[in-house]
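Each chain, letter by letter, is given below.
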Amino acid sequence: MASPDLVIIGSGILGLAHALAAARAGMSVEVIESTAAPQGASIRNFGMVWPIGQPAGELRDTALRSREIWLEVADQASLFNDPCGSLHLALHPIEAKLLNEFQSQNPNTTTILSPEETVERFPLVNPDDLQSALFSTTELCVNPREALAQLPNFLNTEYGIRFSFGETVTKIDDNDIKTNLRNLSASKIFVCPGANFKILFPDFFTRHGVQQCQLQMLRIEPPMPETRLQIMIAGGLTLSHYLSFRDCPSFPLVNQHHSDYYPEFMKRGIHVMASQHQSSEVTIGDSHTYGLDLPPFTEEHTDQLILGYLAKMIQSETWQVSSRWLGNYSKHPTEPLLKEQLSDATTICASPGGAGMTLSFGWAERNIADLTQ
Ligand SMILES: Cc1cc2nc3c(=O)[nH]c(=O)nc-3n(C[C@H](O)[C@H](O)[C@H](O)COP(=O)(O)OP(=O)(O)OC[C@H]3O[C@@H](n4cnc5c(N)ncnc54)[C@H](O)[C@@H]3O)c2cc1C
């Protein structure tokens, strides 16, 4: 078999995004993946393509470009996608103030809704503590489990990208790649290992201070199967989480409010978001624990905090938990994305943190353009 122009290690969303961009640029591509099917962060997430969480400028633009590519690919591959937008709920006046500030910075894509308008448009929202809501048009909902399962077939059929599942790359030396099954070579190699960053180039990740971040997630089932959220929803705690809100003058006050009133949430890195794909189940989360070797156990108290806060956001008290899981991603201490060319052949692209579904397609397109120029 002829050597491909590009070998990509990892078939998470970042690996697939680079494979697509490279194939569109005319390169022959092979993707090598350890597991028999994707199992990493890319199938464990909400499926939120979330430009609103990225700071204005290059990262927001990358997210918006990713959204365009998601729409193209989802259309061609017949994948679920819902350009429903997002709703941030202010449950305290200081959160409402910050939402107003954010809206005035982003007047073309966001609108402030009163509590009455919010409940009229989205009847599942709990009106009890609601101060206002920020509606944004730029967010896209995809189904991560479906997308990651089907994209390899689509990329193979449409672009001739080869996939080797169940094969672990154990060593890379210039253009030479060693796996547990064979040796091969490629002109270029991209390493996209997700949270599994101790197999290849562990010293590189140690030098950069990359850690794992572990999240607790749940799916809950409404009693009426036809129940639809109609939009992806975030609560006020999310305003302390995403970098995009830090430019708002009220951010320090909001953050202080959350530290004062929600210390347990802040300690566990909990903010609450909800998305819904084709089925009635709603994916909710999450918490954030950082470290190099994290225990594989979930904490029931964390789940109860998430469920309790969700019930302040939507009328979900009677909904049943249908599944729970942990997800891990790798995180650089300061950089939102980590790219380094280690040799003429090998580039590491990793650690999109909690925004891999949002940033990967746009980032990969730029990385491949850099390679082919
Ligand atoms: C619970 C949770 C919720 C999230 N929600 C969102 C969200 O809604 N929106 C959003 O934008 N982002 C979200 N994220 C972040 C996003 O999921 C990640 O940033 C993204 O999935 C990372 O993709 P990846 O390809 O880098 O890693 P992964 O999906 O982990 O894939 C890496 C792959 O590389 C393979 N691999 C590693 N080493 C080797 C090797 N040596 N040989 C062969 N294969 C190898 C692994 O087996 C794995 O399949 C969430 C993350 C989590 C955990």
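J.: Would you take a moment to explain the sheet that holds strand β3 (residues 48-49) for this structure?
T.: Across a sheet, paired strands are connected by hydrogen bonds in the backbone, their directions being either parallel or antiparallel. Taken together, three strands build an open sheet; the order of strands is β3-β8-β4 and the sheet is antiparallel. The sheet terminates laterally at β3 and β4 (81-82), the two strands that pair on one side only. The pairing of β4 with strand β8 (residues 140-142) spans two bridges and is antiparallel. Looking across to β8, one finds that D82 is bridged to C141.

J.: What is the right way to read the layout of surface pockets from this model?
T.: In this approach, a probe sized like a water molecule rolls over the atoms, and the result shows the empty space that is left. Counted as a void, the second largest pocket has a volume near 240 Å³. Lining the second largest pocket we find 13 residues, and of these Q216, R268, T289, E299 and T302 sit closest to its centre. Tallied by class, the residues present in the lining of the second largest pocket amount to four nonpolar, six polar and three charged.

J.: What's the story with helix α8 (residues 251-261) in this structure? I'm lost.
T.: F251, V254, H257 and H258 are the residues of α8 that are buried. Along α8, the residues classed as buried sweep out an arc of 125 degrees about the axis, all on the same side. Opposite the buried face of α8, at more than 90 degrees from it, the exposed residues are P252 and L253.

J.: Can you walk me through the packing of helix α3 (residues 58-76) against helix α6 (residues 144-159) in this structure?
T.: Helix-helix packing is described using two parameters, namely the angle between the two axes and the distance between the axes. Where α3 contacts α6, the two axes come as close as 10 Å, and the packing angle between them is 80 degrees. In terms of orientation, α3 and α6 fall into the roughly perpendicular class. When α3 is examined against α6, the residues W70, V73 and Q76 are found in contact with a partner set consisting of A147, L151, F154 and Y159. In terms of residue class, the contact of α3 with α6 is built from six nonpolar, one polar and no charged.

J.: I'm lost on the pairing of strand β20 (residues 338-341) in this one. Help?
T.: Successive residues of a regular strand alternate their side chains across the two faces of the sheet. In the sheet, β20 pairs with strand β21 (residues 346-350) via four bridges, with the strands oriented antiparallel. Across the sheet, the residue bridging to Q341 is T347, located in β21. Hairpin connection, β20 to β21: the antiparallel pair is bridged by four residues.

J.: I'm lost on the pairing of strand β16 (residues 273-276) in this one. Help?
T.: Of the two faces of β16, the one holding M273 and S275 and the one holding A274 and Q276 are both buried throughout. One ladder, built from two bridges, connects strand β15 (residues 232-234) with β16; its direction is antiparallel. Bridge pairing in β16 places I233 opposite A274. Where β16 lies against strand β17 (residues 282-285), four bridges are found, and the strand directions are antiparallel. By the bridge assignment for β17, S275 is matched with T283. Taken together, β16 and the strand that follows it, β17, pair antiparallel across an intervening segment of five residues.

J.: Which parts of the structure should I look at to understand the domain arrangement of the protein?
T.: Where interface size is quoted, it is often the accessible area lost as the parts come together. Once the domains are mapped, the protein shows domain 1 (6-47 + 145-208 + 335-372) and domain 2 (86-137 + 211-331). Taken over C-alpha atoms, the centre of domain 1 sits 30 Å from the centre of domain 2. For the pair domain 1 and domain 2, the two sides together bury roughly 1500 Å², of which 53% comes from carbon and sulfur. At the junction of domain 1 and domain 2, the tally comes to one salt bridge. A salt bridge links K198 to D293; its shortest N-O distance comes to 2.7 Å. Seen at the junction of domain 1 and domain 2, the total is eight residue pairs in polar contact (both at pLDDT 80 or more). Going through the elements one at a time, α2 (41-44) and α6 are the ones with two or more residues in the side of domain 1 that touches domain 2.

What counts and how
Residues numbered from 1 in each chain as written. Predicted model: local features only at pLDDT ≥ 70, side-chain atom pairs only at ≥ 80, totals over all residues. Heavy atoms only, no water. Pairing = 2+ DSSP bridges. Helix = DSSP H or I, 4+ residues; strand = E, 2+ residues; numbered from the N terminus. 1 Å grid on protein atoms, 1.4 Å probe; cavity = no way out; pocket = protein on both sides within 12 Å on 5 of 7 lines; lining within 4 Å. Points joined across faces, edges and corners; volume = space filled by probe spheres on them. Nonpolar A, V, L, I, M, F, W, Y, C, P; charged D, E, K, R; others polar. Buried < 20%, exposed > 50% of the residue type's maximum accessible area, 1.4 Å probe, protein only. Arc of directions from axis to C-beta. Axes fitted to C-alpha atoms, helices over the stretch in contact; angles between N-to-C directions. Parallel < 35°, antiparallel > 145°, perpendicular 65-115°, else oblique. Contact = heavy atoms within 4.5 Å. Domains from an automatic or database assignment. Buried area = accessible area lost by both parts, 1.4 Å probe. Salt bridge = Lys/Arg side-chain N within 4 Å of Asp/Glu carboxyl O. Polar contact = N/O pair within 3.5 Å; in protein donor to acceptor, adjacent residues only side chain to side chain.

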